[in-house]
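Below, each chain spelled out in residue letters.
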Amino acid sequence: MIRSRKLLGALALLLATPLAHAGADDFLGYWKNQDDSGLVKYIQVKLDKGKPLIRAYGHCLKNDCYWGGMEAMAFASSEQANLEQDADAVGAYFGDANAKGIMILTKGMGKTLKMDAYASFPKSNLTNVHKTYTFVPAPELQGK
């Protein structure tokens, strides 16, 4: 019984370790939404003058379009953390006259990103929404 508890404890620690050691580099690159019908289709996370930037592409009124690049903020679970090594979330505000909101990226399972997107649509009758998506690497978008 004690041996199985130790084994379960060691397994839990092993599974938690990758999340505890996420860093800003884990977010960088091109990503595509696994949900083809999602509001956000593609994102790029890059560093611009040392600060994270999220470029988003998604659904617009008639076609897919570039939502723009948003300066982002990296977050860690400790106030003394080194964000380059310990960032476990990246967030950004986005918006124009048609849609405004917040995107929050966190590490998903394996090599994925989870996005929580909160949006409002001030010039329409659309309801404020919260969507959660899973993004996978999209190296085919490199350079686009």
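Please refer to the structure higher up on the page.
Please read these numbers as outputs of a predicted model, since none were measured by experiment. (Residues numbered from 1 in each chain as written. Predicted model: local features only at pLDDT ≥ 70, side-chain atom pairs only at ≥ 80, totals over all residues. Heavy atoms only, no water.)

*Asks:* Would you mind showing me how to read the pattern of salt bridges here?
*Replies:* A side chain with one charge can pair with a side chain of the opposite charge if their charged atoms come near. All told, the structure shown has three salt bridges when counted by the stated rule. The salt bridge involving E140 is made with K32; its shortest N-O contact spans 3.2 Å. A residue pair is termed long-range when its members are at least 10 positions apart, and E140 in the segment after β9 (129-137) and K32 in strand β1 (residues 29-33) qualify at 108 residues. Measuring nitrogen to oxygen at the nearest pair gives 3.9 Å for the salt bridge that ties K51 to E71. Taken together, the residues K51 in strand β3 (residues 51-59) and E71 in strand β4 (residues 64-71) connect sequence positions 20 residues apart. Residue classification places K51 among the partly exposed residues on the basis of a relative accessible area of 45%. (Salt bridge = Lys/Arg side-chain N within 4 Å of Asp/Glu carboxyl O. Helix = DSSP H or I, 4+ residues; strand = E, 2+ residues; numbered from the N terminus. Buried < 20%, exposed > 50% of the residue type's maximum accessible area, 1.4 Å probe, protein only.)

*Asks:* Hey, could you run me through a nonpolar patch on the surface in this one?
*Replies:* Nonpolar side chains collect at one region of the surface, where M73, F75, Y93, I102, I104 and Y118 lie side by side and expose about 560 Å² of accessible area between them. At the level of elements, β5 (73-75) and β7 (100-107) are the ones that each hand at least two residues to the nonpolar patch. As for its position among the elements, I102 is in strand β7. (Patch = residues over 30% accessible without salt bridge, like charges linked within 9 Å, V, L, I, M, F, W, Y side chains within 5 Å. Areas by Shrake-Rupley, 256 points an atom, 1.4 Å probe, with all protein chains shown as cover.)

*Asks:* What am I meant to see in the packing of aromatic side chains here?
*Replies:* In this description, a pair of aromatic rings is defined by centroid distance and the angle of the planes. Scanning all chains against the criterion turns up one aromatic pair. Seen in terms of ring centroids, Y57 and Y66 are 5.0 Å apart; in terms of plane orientation they differ by 40°. Their pairing is tilted. (Phe/Tyr/Trp six-rings, centres within 6.5 Å; stacked < 30°, edge-to-face > 60°.)

*Asks:* How do you make sense of the nonpolar core when you look at a structure like this?
*Replies:* Grouped burial of nonpolar side chains is what soluble globular proteins tend to show. If you look at the biggest cluster of nonpolar residues, it comprises 22 residues, and the most contacted ones within it are I43, I54, M103, L105, M115 and F135. Counting only elements with at least two residues in this core, the list comes to β2 (40-48), β3, β6 (89-95), β7, β8 (113-120) and β9. With four residues, β8 is the largest single contributor of residues to this core. When residues no more than four places from it in sequence are discounted, the contact partners of L105 are F27, I43, V45, I54, D88, A89, V90, L113, K114 and M115. (Core = buried A, V, L, I, M, F, W, Y, C linked by side-chain atoms within 4.5 Å. Contact = heavy atoms within 4.5 Å.)

Any link to function would need more than the numbers given here.
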